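# Topology and contacts: notes
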Amino acid sequence: MTDVHVVGVGMTRFGKHPDADSTDLGAQALLEAVADAGIDPRLIEAAYCGHVFQGMVTGQRVLAQVGLAGLPLTNVENACSSGATAIREASFAVRAGEYDVVVAVGTEHLTSQFRGALTPDPSDPEAAVGATMPSVYAMRARRYMHEFGMTREQLALIPVKNKNNAALNPLAHFRTRITVEDVLESRPVADPLRLHDCSPVTDGAAAVILMSDKAKKRFCDTRAVRLAASTLRSGSVDVEPTSMTFEPLTRLTAQDAYERAGIGPEDVDFCEVHDCFSIAEVLRVEGLGLFGQGEYPAAVQRGEADLGGRLPVNPSGGLLGKGHPLGGTGVAQVVELVRQLRGEAGNRQIEGAKVGLAHCRGGKAVGIEGAACTVQVLTR
Amino acid sequence: MPRIDAPSFRPGELEVHEDGSGNLVGSRCSSCGAHFFPVRDACSGCLSTDLETIGFSTTGILYTYSVVRQSTPEFEVPYILGYVDFPEKVRIMGQIRADLDYLSIGMPMVLELEPFGEDDDGNPLTGYRFVPQESTDD
Ligand SMILES: [Zn+2]
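The residue numbering used here restarts from 1 in each chain and proceeds along that chain's sequence as written. Think of it this way: whatever chain is written first is A, whatever ligand is written first is 1, and the rest follow in order. Residues qualify for local features only when their pLDDT is at least 70, as the model is predicted, and side-chain atom pairs are given and counted only at 80 or more; totals for whole chains, interfaces and linings, by contrast, use all residues. The side-chain figures draw on all heavy atoms in the structure; neither hydrogens nor water molecules are used.

### A short note on the coordination of the zinc ion
Residue and element names in this part refer to chain B. What counts here: Listed donors are limited to N, O and S atoms within 2.8 Å of the metal, widened to 3.2 Å for Na, K and Ca; water is not among them, so incomplete-looking sites are possible. Every geometry call rests on angle ranges, with four donors termed tetrahedral when all angles are between 85 and 135 degrees, four termed square planar and six termed octahedral when opposite donors are over 155 degrees apart and all others are between 65 and 115, and everything else termed irregular. Segments assigned H or I by DSSP are reported as helices when at least four residues long, segments assigned E as strands when at least two residues long, and all are numbered from the N terminus.
Only Cys29 (SG), Cys32 (SG), Cys43 (SG) and Cys46 (SG) from the protein reach the zinc ion as donors, at distances of 2.3 Å. In this structure, the zinc ion is coordinated by four donor atoms arranged in tetrahedral fashion, with angles at the metal of 102 to 119°. Taken in chain order, the donor set of the zinc ion reads C-x2-C-x10-C-x2-C. With cysteine 32 in the loop between strand 2 (22-29) and strand 3 (35-36) and cysteine 43 in the loop between strand 3 and strand 4 (51-55), the pair connects residues that are 11 residues apart, well separated along the chain.

Following this line, the structure appears as structure tokens:
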């Protein structure tokens, strides 16, 4: 069976795009990925498009915009993991030998669809009593503080780290460095979380071009990065209440990925994780086995997750700093991994990085730990 | 507690009794005894489809909570939201009516029926809130 390689990446600026829609953004990212790969776009044989609130046939609209209408196109919705799931489906098509060159796009024009707090689907019993995504993470944060003694100041170091990384990323939603005081003085959203603890409402798109071994050798050998694993799980229904400070879903999805890639968490040089809220980054990296349970806040305080630290977390700025256009998020994480592994990440470059991991997780339904979770491992 | 005659805000999830009391409704697996909220068609523990619909206890332990200060237009902020663990081993989310200063993780909570929103025609509905147990002892 062939390996799968990422040979081209593209990404729009993340932020507010009042003069564009999800089609424009997706098209821009796709064209940039083609240019980055340096290939004739006619080589692309199939396309996968992740999005959440963009309506029917968004992917087909993107293809029509760039002259590629007619290709087999699959639209993918999997909450915040939509883009990552599109990459996974694209990689399967290559691995199965069906196609040699495919593109995966993630796009979202969220500012035109959404204001304020994201909520579960209105049919959900938790939505009926007033659940919002910030409030669910706020409750997890309070429980984590109760169990592990994390302080509010320690939690604030995560948005500070990620927004300071974003200040180095020309495509990030936020480009301004912040301090712990800025976090603690920002508007309360759901106690103990404040505005700087929450990812913003962002427009943006990203695209990656995947190739088989054969196509890579022929067209794009030098800057290719191997997609060593792309795994997906959905959350199970708890038979009895489990800890909300640990994520079995993240752990299981990561174990699948480590096994598939033939590595362990100790081999990961840096990661992009789904920091939709400050506390989420804590729960993710501990669930991934990259830090021990209850240990991440102190590790952040020691600088271990900084750009120059032992294991940089969210060098791109993460969802908190780079922004969170739902369908675009998972693809943009892989864009960052590729740029870091190629040594093309500019002044946020992590020296000598060989193994990068991306983690997405999204959606909420009553009684289920988390809806959709993906882990991708890229190696150089 | 005042008698509440209005229909339940989520039919099938909340049982309202003639004496004004009420409880949440879920499933109990007849094979392995696991409980689920809301009602399920099959047991996630043993996959049996032999599930009975039962009413849950009305007292539980506060697992965690938050004060929600930004929400959708249907909900007036701020309000307290929490998860309560019930003896049937189910964790259920609900709004909390309490003095924030006295609220703490691990405290016993009681489910009480209260007016909760309106239907599409503006008629009042009955819902539930969790209240600290001590404040209900009189
Ligand atoms: Zn069972």
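### Section: a negative patch on the surface
Residue and element names in this part refer to chain A. What counts here: Like-charged residues are merged into a patch within 9 Å and nonpolar side chains (Val, Leu, Ile, Met, Phe, Trp, Tyr) within 5 Å, provided each residue has over 30% relative accessible area and no salt bridge. The Shrake-Rupley method, run with a 1.4 Å probe, gives the accessible areas here. Residue values count only the displayed protein chains as cover. Within this document, salt bridges are pairs made up of a side-chain nitrogen of Lys or Arg and a carboxyl oxygen of Asp or Glu, the two lying within 4 Å of each other. Only four residue types enter the tally: Lys and Arg on the positive side, Asp and Glu on the negative side, with His and both chain ends excluded. Charged groups are reduced to one reference atom each: NZ for lysine, CZ for arginine, CG for aspartic acid, CD for glutamic acid.
Together, Glu153, Glu181, Asp182 and Glu185 give the surface a local cluster of negative charge. Per-element tally for the negative patch: the top contributor is helix 7 (residues 180-185), with three residues. By the secondary structure assignment, glutamate 181 is in helix 7.

### Considerations on the packing of aromatic side chains
Heads up, the condition is: The rule is short: rings of Phe, Tyr and Trp, with Trp giving its six-membered ring, pair when the centres are within 6.5 Å, and they are stacked under 30 degrees, edge-to-face over 60, tilted in between. Think of it as a cone above the ring: NZ of Lys or CZ of Arg counts as a charge over the ring if it is within 6 Å of the ring centre and within 35 degrees of the ring normal.
Taken as a whole, this structure holds six aromatic pairs over all chains when the rule is applied. The rings of Phe86, Tyr128 and Phe130 of chain B are connected pair by pair, giving a single aromatic cluster. The lysine or arginine in question, lysine 163 of chain A, covers the ring of phenylalanine 174 of chain A, its NZ or CZ lying 4.3 Å from the ring centre. The ring of tyrosine 63 of chain B carries arginine 91 of chain B above its face, with NZ or CZ at 3.6 Å from the centroid.

### Things to note about helix 9 (residues 248-261) of chain A
Residues and elements named next belong to chain A. The condition that has to hold: Expected span of a helix: the number of residues minus one, times 1.5 Å. Burial classes: relative accessible area under 20% of the type maximum marks a residue as buried, over 50% as exposed, and values in between as partly exposed (1.4 Å probe, protein chains only). The arc in question is formed by the directions pointing from the helix axis toward the C-beta atoms. Residues count as neighbours in contact if any of their non-hydrogen atoms are within 4.5 Å of one another.
Across its 14 residues, helix 9 extends 20 Å between first and last C-alpha, which sits within 8% of the 20 Å expected from 1.5 Å per residue. The set of residues buried in helix 9 consists of Leu249, Thr250, Thr253, Ala254, Ala257, Tyr258 and Ala261. Seen along its axis, helix 9 keeps its buried residues to an arc of 160°; they face one direction. For helix 9, the secondary structure elements touched by its buried residues are strand 8 (225-234), helix 10 (278-287), strand 10 (355-362) and strand 11 (372-379). Note on helix 9: the residue one or two positions beyond its end, glycine 262, has a positive phi of about 70°.

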